[in-house]
Amino acid sequence: MTNVTVNDSIQTIQQLLDQVIEKVKGLPDEVLRWNPSEDEWSIMQILSHLVEAVPYWLDEIELLLETPGKEWGRGLQQDARLEAVRKEKVARLSLAEVLSELDQVKTRVEHTLGQLDSKKLSRQAPSRNPRFGTKPISFIVDHLLVEHISKHYGQIERNLSKVK
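Since we're looking at a predicted model, the values are computed, not measured.

Caption draft 1: Just the packing of aromatic side chains, in detail. On inspection of all chains with the given rule, the structure shows five aromatic pairs. Between Tyr-56 and Trp-57 the ring centres are 4.8 Å apart and the planes differ by 85°, which places this aromatic pair in the edge-to-face class. Trp-57 carries the same exposure label as Tyr-56, and that label is buried. With a centroid separation of 6.1 Å and 15° between ring planes, the pair formed by Trp-72 and Phe-132 is classed as stacked. Residue Trp-72 is found in the loop between helix H3 (43-66) and helix H4 (79-85), and its partner Phe-132 is found in the loop between strand E1 (124-126) and strand E2 (134-136); the two are separated by 60 residues along the sequence.

Spelled out as structure tokens, the structure:
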């Protein structure tokens, strides 16, 4: 990955977050908080997850820059991840608050990823998730930021297509 690609990743992440913000701005509360099924998150749960998850992965990148080779990652049952989507927590959130936090995340993306160059991106470190094994920092950027945000944007679109 080159600096151009890092800059492209920053721009892509910021554009994806802008798309999320634009997609949900002005939606009625009942649409935002509606769960399509028992196993699917509401749009507010997705937004709350993004507000928690993107900074989490940026923190992991910063830790790997400070301590090369350090173990990184988390499982699906990690406390902060679960708390971010807990219905009781999400019920207390306002859309304006969540969108403001997402907007702040965009600045953080630029700050953290702007520190990366091809040498830093190629640094390998073991994941706590055995499914991932040892991966370079570029994997976190590509898979756990760009692809992850994109998938949740698609999830928001699917939720909206199911609203009656």
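Having seen the structure, we can now continue with the description.
Caption draft 2: The arrangement of the side chain of Gln-14 in detail. Residue position: Gln-14 is located in helix H1 (residues 3-24). Under the relative-accessibility criterion, Gln-14 is labelled buried at 18%. Within polar-contact distance, the side chain of Gln-14 engages the side chain of Glu-110 at 3.5 Å. Beyond its immediate stretch of four places on either side in the chain, Gln-14 contacts Lys-106 and Glu-110.

Caption draft 3: Highlighting the packing of H3 against helix H6 (residues 95-113). Between H3 and H6, the least distance of the axes is 10 Å, while the angle of their chain directions is 20°. Between H3 and H6, the crossing angle belongs to the class labelled roughly parallel. For the crossing formed where H3 meets H6, the hand is left-handed. Across from Met-44, Leu-47, Ser-48, Leu-50, Val-51, Val-54, Pro-55, Leu-58, Asp-59, Ile-61 and Glu-62 in H3, the residues of H6 making contact are Leu-95, Val-98, Glu-101, Leu-102, Val-105, Arg-108, Val-109, His-111, Thr-112 and Leu-113. Residue composition of the contact of H3 with H6, grouped by class: 14 nonpolar, three polar and four charged.

Definitions and limits used
- Residues numbered from 1 in each chain as written.
- Predicted model: local features only at pLDDT ≥ 70, side-chain atom pairs only at ≥ 80, totals over all residues.
- Heavy atoms only, no water.
- Phe/Tyr/Trp six-rings, centres within 6.5 Å; stacked < 30°, edge-to-face > 60°.
- Buried < 20%, exposed > 50% of the residue type's maximum accessible area, 1.4 Å probe, protein only.
- Helix = DSSP H or I, 4+ residues; strand = E, 2+ residues; numbered from the N terminus.
- Polar contact = N/O pair within 3.5 Å; in protein donor to acceptor, adjacent residues only side chain to side chain.
- Contact = heavy atoms within 4.5 Å.
- Axes fitted to C-alpha atoms, helices over the stretch in contact; angles between N-to-C directions.
- Parallel < 35°, antiparallel > 145°, perpendicular 65-115°, else oblique.
- Left-handed = near helix turned anticlockwise from the far one by under 90°.
- Nonpolar A, V, L, I, M, F, W, Y, C, P; charged D, E, K, R; others polar.

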